[in-house]
Structure formats: structure tokens, C-alpha cells
Amino acid sequence: MTEHDTRAENRTDQSCECCTGATSTESTTDTTAGHWLGDADPMTAELPDAVGESLGRFLGEGSVDSLGEWIERVRRRVGGSSIDVADLCHADGETPHRGTVGGETYHFQCFYDAVVLAALTEDHVDVRTESPGGTVIEARAEGTDDLRVSPEGAVFSFGVETAVDPPAGNGPSHADMYGAVCPYVKAFPDRDAYEQWAETTDGATVAMPLAGATDIARALIE
């Protein structure tokens, strides 16, 4: 593995072009009603229609009912392969989203990659990220079994671009997934912070407690 703790002065010098998309700051319709999964199993909880339809469109298929179903379809479209460390959306420069494991620090475009890193390495990873509002959120991920977060009420969002084009050929590729999904996977200090952000983003999203984030990571690497 390559060490990505570059400490570059220019934090915008990033190698992963697939993740440079930004969310819109224009207000949309009410995107938060019913978009809180709460303490339900994030893999089986029923998704809001707008989220299920957008995730299905990303695959060029019909609407999906749950995140678990969506991940199964993604894996089927890419031949059943899982992701590895090289597939994570690394950055050449310093970013607010990083994971430290075994003395090496990796900087990512998406904070969730640090959670997946813990699942891939089966080791503890110290995760640091910042919410869209600038609040620092930290966690220690222990493989796929445990995630201790600070603040304790932290949540995270999962979503996709609502206007995403269906994939070409046998896609979507890992790069396609990061480009359409990465901008909508964020950590927040609490549910209220997520809801304020969701009202201004152009993506279709849901949110759930950050402490349950390892469930999705486990499914992605199986």
C-alpha cells in the first residue's frame, strides 16, 4: 500500500477525478421527509421512493427497495467482484477525510472510504472527517464489527445524484459509482445538521446513525 499522508500545501490537488463533483446549493423540494432510517437495519430498511428510483437509474434498472438490494445489484453488474484498497478514492493532497492504520494515513475524497479501509484491512482505523458545516467528526473503526464515534450522535448520509445517467456498456464501474455517489456520502454531528444539508443538495439521500456504518462496508467487500 502506498502512503498517502502527503501533507501537500494545496488541499485541492487531488488525484481522484471521479469524486470531484459537488452538490448544488439551490433549494429543492422537501428532501428530508421520511429519509431517516433511524435504528433500523440499514441493509434492509425500506428506502424512500426518490432514493430507490435514483439508485436504480444509476444501474440502468428499476427502483430498488433497500441498500442491501442495491449493493447486490451493483455486485451483479460488475461480475460479483468486491472492492480493494486500490479502488478507494484516494487523494494526492491533504483532505478533511482521512484514515490512519498501521502508522500510515490515507487521504480520501469521501470519508466513508476510511470506514471501508477498516473492513479491508481487518484492523482498527482512526477516522477523521468534517461535516459540510465544518464540524470535526472522529471515529475508530475495528474491522467490520465496531465503530466508535465522536460526537456520539453523529450520523451519515448515503445517496446518489438524482439526474445520473444510466450506465453505458457493462457498467457502472467503480469510478462511475464514486462519481455519482461520493458527493452524497457525508458525516454530520447530528440529524438536524443532516436535514439542513439535505434541504440544499440536489441528490436523493437517506441518513442513519454513523455507528452503524460498518454494515454497508461489510457488504461492499464481501
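Small disclaimer: the values here were computed from a predicted structure and weren't measured. (Residues numbered from 1 in each chain as written. Predicted model: local features only at pLDDT ≥ 70, side-chain atom pairs only at ≥ 80, totals over all residues. Heavy atoms only, no water.)

Caption draft 1: Summary view of the overall build of the protein chain. Looking only at helices and strands, one finds 6 helices and 8 strands in the protein chain. Of the regular secondary structure in the protein chain, the N- to C-terminal order runs α-α-β-β-α-β-β-β-β-α-β-α-β-α. Within the span of the protein chain, comprising 222 residues, buried residues form 48% of the whole. A total of about 9900 Å² of accessible surface is found on the protein chain, and carbon and sulfur atoms cover 43% of it. (Helix = DSSP H or I, 4+ residues; strand = E, 2+ residues; numbered from the N terminus. Buried < 20%, exposed > 50% of the residue type's maximum accessible area, 1.4 Å probe, protein only. Areas by Shrake-Rupley, 256 points an atom, 1.4 Å probe, with all protein chains shown as cover.)

Caption draft 2: Examining a negative patch on the surface more closely. Among the surface-exposed residues, Glu46, Asp49, Glu53 and Asp65 lie close enough to one another that they form a single negatively charged patch. Within the secondary structure, glutamate 46 sits in the segment before helix H1 (49-59). (Patch = residues over 30% accessible without salt bridge, like charges linked within 9 Å, V, L, I, M, F, W, Y side chains within 5 Å. Salt bridge = Lys/Arg side-chain N within 4 Å of Asp/Glu carboxyl O. Lys, Arg positive; Asp, Glu negative; His and termini not counted. Charge placed at Lys NZ, Arg CZ, Asp CG, Glu CD.)

Caption draft 3: Molecular detail of the environment of aspartate 49. With respect to the helices and strands, the residue aspartate 49 is situated in helix H1. Each C-alpha atom, one on aspartate 49 and one on valine 64, is 8.6 Å from the other, the two residues being 15 residues apart in sequence.

Caption draft 4: Geometry of the confidence of the model for the protein chain. The predicted model of the protein chain averages 82 in pLDDT, with 82% of residues at 70 or higher. Averaged pLDDT values for the elements of the protein chain fall to 83 in helix H4 (residues 174-181) and rise to 98 in strand S7 (residues 187-188). pLDDT under 50 marks residues 1-15. Its contacts with residues more than four places away, or in other chains, come to 36 contacts. (pLDDT = per-residue confidence, 0-100. Contact = heavy atoms within 4.5 Å.)

Caption draft 5: How the structure looks around the pairing of strand S8 (residues 203-209). Among the 7 residues in S8, 6 count as buried, and that is most of the element. Sheet topology note: the strand S6 (residues 155-161)/S8 ladder contains 7 bridges and is antiparallel. Within S8, the residue paired with valine 155 across the bridge is proline 209. (Pairing = 2+ DSSP bridges.)

Caption draft 6: Main features of the nonpolar core. Ranked by internal contacts, the top residues of the largest apolar core, which has 58 residues, are Leu55, Trp70, Tyr112, Phe158, Leu210 and Ile216. Looking at this core, the element that brings in the most residues is helix H3 (residues 112-121), giving 7 residues. Each residue touching phenylalanine 158, except ones within four places of it in the same chain, is listed here: Leu55, Leu67, Trp70, Val181, Tyr184, Val185, Ala204, Thr205, Val206 and Met208. With 7 residues, the next largest nonpolar core counts Phe188, Trp197, Ala198 and Ala207 among its residues. (Core = buried A, V, L, I, M, F, W, Y, C linked by side-chain atoms within 4.5 Å.)

Caption draft 7: Structural detail: the packing of aromatic side chains. Enumeration according to the criterion identifies 9 aromatic pairs in this entry. Their ring planes at 15° and their centres at 6.5 Å tell us that tyrosine 106 and phenylalanine 108 sit as a pair that is stacked. Geometrically, the ring pair formed by phenylalanine 188 and tryptophan 197 is tilted, given 5.2 Å between the ring centres and 50° between the ring planes. The residues phenylalanine 188 and tryptophan 197 share a single accessibility class, namely buried. Three or more aromatic residues joined by ring pairs form one cluster here, namely Phe58, Trp70 and Phe158. (Phe/Tyr/Trp six-rings, centres within 6.5 Å; stacked < 30°, edge-to-face > 60°.)

Caption draft 8: The arrangement of helix H6 (residues 214-221) in detail. Burial of H6 is extensive: 6 of the 8 residues sit out of reach of the surface. Turning to H6, its buried residues are Thr214, Ile216, Ala217, Ala219, Leu220 and Ile221. Against helix H2 (67-77), H3, strand S5 (146-150), S6 and S8 lie the buried residues of H6.

Caption draft 9: Main features of the sheet that holds S6. Overall, antiparallel pairing links the 3 strands, which are arranged S7-S6-S8 in an open sheet. Only two strands of the sheet have a single partner each, and these edge strands are S7 and S8.

Caption draft 10: Expanded view of the side chain of aspartate 113. Its place among the elements puts aspartate 113 in helix H3. Lysine 186 is the oppositely charged side chain nearest to the buried, salt-bridge-free aspartate 113, at an N-O distance of 11 Å. Beyond its immediate sequence surroundings of up to four residues, aspartate 113 is in contact with Leu88, Cys89, Phe108 and Tyr178.

Caption draft 11: Representation of the packing of H3 against H6 in the model. It is the contact of H3 with H6, at a shortest axis distance of 9 Å, that shows an interaxial angle of 60°. Here H3 lies oblique to H6, going by the angle between them. The two elements H3 and H6 meet at a crossing, and its hand is right-handed. Contact residues: H3 offers Tyr112, Val115, Val116, Ala119 and Leu120, while H6 offers Thr214, Ile216, Ala217, Leu220 and Ile221. By residue class, the composition of the contact of H3 with H6 is 9 nonpolar, 1 polar and no charged. (Axes fitted to C-alpha atoms, helices over the stretch in contact; angles between N-to-C directions. Parallel < 35°, antiparallel > 145°, perpendicular 65-115°, else oblique. Left-handed = near helix turned anticlockwise from the far one by under 90°. Nonpolar A, V, L, I, M, F, W, Y, C, P; charged D, E, K, R; others polar.)

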